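Fold and geometry: a report
Each chain is listed here by its residues.
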Number of protein chains: 4
Amino acid sequence: MTTTTMSMLETHPAEINVDRGKLAVAIDALIACAETCTSCADACLSEKSVADLTKCIRANMDCADVCEATARVLSRHTGYDANISRALLAACVTVCGSCGDECGSHAAMHEHCRVCAEACRNCEQACRDLLAAIG
Amino acid sequence: MTTTTMSMLETHPAEINVDRGKLAVAIDALIACAETCTSCADACLSEKSVADLTKCIRANMDCADVCEATARVLSRHTGYDANISRALLAACVTVCGSCGDECGSHAAMHEHCRVCAEACRNCEQACRDLLAAIG
Amino acid sequence: MTTTTMSMLETHPAEINVDRGKLAVAIDALIACAETCTSCADACLSEKSVADLTKCIRANMDCADVCEATARVLSRHTGYDANISRALLAACVTVCGSCGDECGSHAAMHEHCRVCAEACRNCEQACRDLLAAIG
Amino acid sequence: MTTTTMSMLETHPAEINVDRGKLAVAIDALIACAETCTSCADACLSEKSVADLTKCIRANMDCADVCEATARVLSRHTGYDANISRALLAACVTVCGSCGDECGSHAAMHEHCRVCAEACRNCEQACRDLLAAIG
């Protein structure tokens, strides 16, 4: 899959006051993480051991909701309010870290949790990088 | 309209480590603010002076996305991770303050912006109250 | 809780080609149903019998997603494309009916499912009424 | 960008009653289309001719909301209710067709609309293919 995130940033008519490469990487990581978490919640619900996975399912759902909203706000880059972006990216770092830890703890048992933990770690890093770039 | 937020909190099978009244008020304020902002963005798009309202439209859309995600996360109160709730409520205080200021500045001209500014102020306060209750 | 849905419809600058009362009732029912379903999914996850409730949890999550998206689209009433509204309202009738049946089947055991089944039935009816009004 | 959609489908513990390849293609097209539409709405808001683009902005926002909700529901593939999937895919075909037409009509003038029209057409086709596979 190829997203059009970078093409859209390049054809945007207004100035964007942030590194476009890091912004594109963060947006793509956020939407990939959201999709993976929604899918992992469903896979966990299908496991026989679902009763042991309720914390993981909630973490997945929280992570999906926060990442999706943040991807949307970051995609409105022209109207760029650095305070809102910073607050949301901080929330993403927290929720991706938390979901990555939870999924990571079942990675040996459930392959979907291993894939999901990686998507969370990747997204957490991309959000940290963009936060550093915003300053 | 009567939401079932409080009934759902009262019938929840698990313990909830936060004041249920303040939680219900915050969730209801968040979903009302999200709906009002989505509607205000559309009303602004219908004004002849739309070219002067683009900042307001973006603020409306950001506010709707952040409030909706926060309402969802707060509704998963059992899995309560105080750090995630705090980060999201802080983002809501920022985005509702920003959108309330922007809509407030057109309140004399556009009645829909006056109604929306009130919904944002109301939501900002409910988020501050819940933040204080979480500690 | 009082939503501002009707106030926003009344202060909208453009013409709206549908009964405003039925539109407001449908939007409010959709956002109340979405919130109730998100909350019911979490309550089900907290039940000891969670392994017997996975179908209900999935129905809750699907219903929340579809109702939320439909409330947003209906709130952009000026740009009114009757085909899109019809397709979404039909999806809502299906998903609310399905979730209402599933929650209804546990209503005697779980009070949150009883409340949620009611919210689904109420939303299903509001969507049918709006569909009939659109023609 | 590489999504994990196919990896997640391959590691899902339950049976999936639909062609996994077509499902993955549709989910990826839906999330790419949603992101592109959110971005195109913002780019249109930045154009000097914004007053001529309000129909396009609304189509973009509707398309983003419907595609995002549909991607979520399709990702809960185990709980597969063919009626809900069909109703949502039909809504996607309608809204992607409508948004693709609108963006396509400005493609010569605005490069972001050209990119977005392509994402909509691609998503419309992926939804039609999955609809045909579900039967």
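In this text, all values refer to a predicted model and were calculated from it rather than measured experimentally.

Conventions used here
- Residues numbered from 1 in each chain as written.
- Chains lettered and ligands numbered in written order.
- Predicted model: local features only at pLDDT ≥ 70, side-chain atom pairs only at ≥ 80, totals over all residues.
- Helix = DSSP H or I, 4+ residues; strand = E, 2+ residues; numbered from the N terminus.
- Rg over C-alpha atoms; globule rule 2.2 N^0.38 Å.
- Contact = placed C-beta atoms within 7 Å.
- Least-squares fit on C-alpha atoms with pLDDT ≥ 70 in both.
- Expected span 1.5 Å × (residues − 1).
- Buried ≥ 20, exposed ≤ 12 C-beta atoms within 10 Å, placed from the backbone.
- Nonpolar A, V, L, I, M, F, W, Y, C, P; charged D, E, K, R; others polar.
- Core = buried A, V, L, I, M, F, W, Y, C linked by C-beta atoms within 7 Å.
- Axes fitted to C-alpha atoms, helices over the stretch in contact; angles between N-to-C directions.
- Parallel < 35°, antiparallel > 145°, perpendicular 65-115°, else oblique.
- Left-handed = near helix turned anticlockwise from the far one by under 90°.
- pLDDT = per-residue confidence, 0-100.

To continue, consider the overall build of chain A. The helix and strand tally for chain A stands at five helices and zero strands. Computed over its C-alpha atoms, the radius of gyration of chain A comes to 15 Å, within 12% of the 14 Å expected for a compact globule of 135 residues. Within chain A, contacts between residues at least 6 apart in sequence are counted, and of these 71% link residues at least 24 apart.

This part takes up the relation of the copies chain A and chain D. Turning chain A through 180° and shifting it by 0.0 Å along the axis lays it on chain D, with an RMSD of 0.0 Å. One copy is carried onto the other by what is essentially a two-fold rotation axis. In this assembly the copies share their binding face: 100% of the residues contributing to the interface of chain A also contribute to that of chain D.

Let us look at the relation of the copies chain B and chain D. Here chain B sits on chain D after a turn of 180° about the axis and a move of 0.0 Å along it, with an RMSD of 0.0 Å. An overlap of 100% is found between the interface residues of chain B and their copies at the interface of chain D, pointing to a shared contact surface.

This next bit is on helix 5 (residues 111-134) of chain C. For helix 5 of chain C, spanning 24 residues, the distance from its first C-alpha to its last is 35 Å, which sits close to the expected 34 Å at 1.5 Å a residue. When helix 5 of chain C is considered as a whole, its buried residues turn out to be His112, Cys113, Val115, Cys116, Ala117, Ala119, Cys120, Cys123, Glu124, Ala126, Cys127 and Leu130 of chain C. On its buried face, helix 5 of chain C sits against helix 1 (5-10) of chain B together with helix 2 (20-46), helix 3 (54-75) and helix 4 (82-104) of chain C. Gly135 of chain C, located one to two residues past helix 5 of chain C, shows a positive phi value of around 85°.

What follows concerns the interface of chain A and chain D. In this complex, chain A contributes 34 residues to the contact, which on the side of chain D involves 34 residues. Those elements that provide at least two residues to the side of chain A that touches chain D are helix 1 (5-10), helix 2 (20-46), helix 3 (54-75) and helix 5 (111-134) of chain A. The dominant element in the side of chain A that touches chain D, judged by the number of residues it contributes, is helix 2 of chain A, at twelve residues. Across the side of chain A that touches chain D, the residue classes tally to twelve nonpolar, 14 polar and eight charged.

Cys33 of chain A, Cys33 of chain B, Cys33 of chain C together with Cys33 of chain D are the most contacted members of the largest nonpolar core, which has 208 residues in total. Excluding anything up to four places from it in sequence, Cys33 of chain B contacts Cys63, Cys67, Cys96, Ala119, Cys120 and Cys123 of chain B.

Helix-helix packing: each pair is described by the crossing angle between the helix axes and the interaxial distance. Interhelical geometry of helix 2 (residues 20-46) of chain B versus helix 2 of chain C gives an angle of 135° and a closest axis separation of 11 Å. What the angle tells us is that helix 2 of chain B and helix 2 of chain C run oblique. As for how helix 2 of chain B packs across helix 2 of chain C, the hand of that crossing is right-handed. Taking contact as the criterion, the partners of Ile27, Ile31 and Glu35 of chain B in helix 2 of chain B are, on helix 2 of chain C, Ile27, Ile31 and Glu35 of chain C. The residue inventory of the contact of helix 2 of chain B with helix 2 of chain C, partitioned by class, reads four nonpolar, no polar and two charged.

This part takes up the packing of helix 2 of chain B against helix 3 of chain C. Packing of helix 2 of chain B against helix 3 of chain C leaves a shortest axis separation of 9 Å and a crossing angle of 35°. Two packed elements cross with a definite hand, and for helix 2 of chain B against helix 3 of chain C that hand is right-handed. Across the interface between the two elements, Glu35, Thr38, Ser39 and Asp42 of chain B from helix 2 of chain B touch Ala71, Arg72 and Ser75 of chain C from helix 3 of chain C. Along the lines of polarity and charge, the residues of the contact of helix 2 of chain B with helix 3 of chain C split into one nonpolar, three polar and three charged.

Attention now moves to the environment of Asp52 of chain A. Residue and element names in this part refer to chain A. Summarising the element assignment, Asp52 is placed in the loop between helix 2 and helix 3. Taking the number of C-beta atoms within 10 Å as the measure of exposure, Asp52 has 13 and is therefore partly exposed. Taking C-alpha positions, Asp52 is 37 Å from Leu23, a pair spaced 29 residues apart along the chain.

So, on to the environment of Ile27 of chain A. Counting through the fold element by element, Ile27 of chain A comes out in helix 2. In sequence terms Ile27 of chain A and Thr70 of chain A are 43 residues apart; their C-alpha atoms lie 8.1 Å from each other. Each residue touching Ile27 of chain A, except ones within four places of it in the same chain, is listed here: Thr5, Ala71, Leu74 and Ser75 of chain A together with Glu35 of chain D.

The subject of this paragraph is the environment of Val25 of chain C. With respect to the element layout, Val25 of chain C can be found in helix 2. Through-space distance from the C-alpha of Val25 of chain C to that of Leu9 of chain C is 11 Å; in sequence the pair is 16 residues apart.

Right, let's get into the confidence of the model for chain A. Residue and element names in this part refer to chain A. Residues of chain A with pLDDT of at least 70 account for 96%, and the chain-wide mean is 93. No element of chain A has a lower mean pLDDT than helix 1, which averages 90, and none a higher one than helix 3, which averages 97. We note a pTM of 0.96 for the whole complex and an ipTM of 0.94 for its interfaces.

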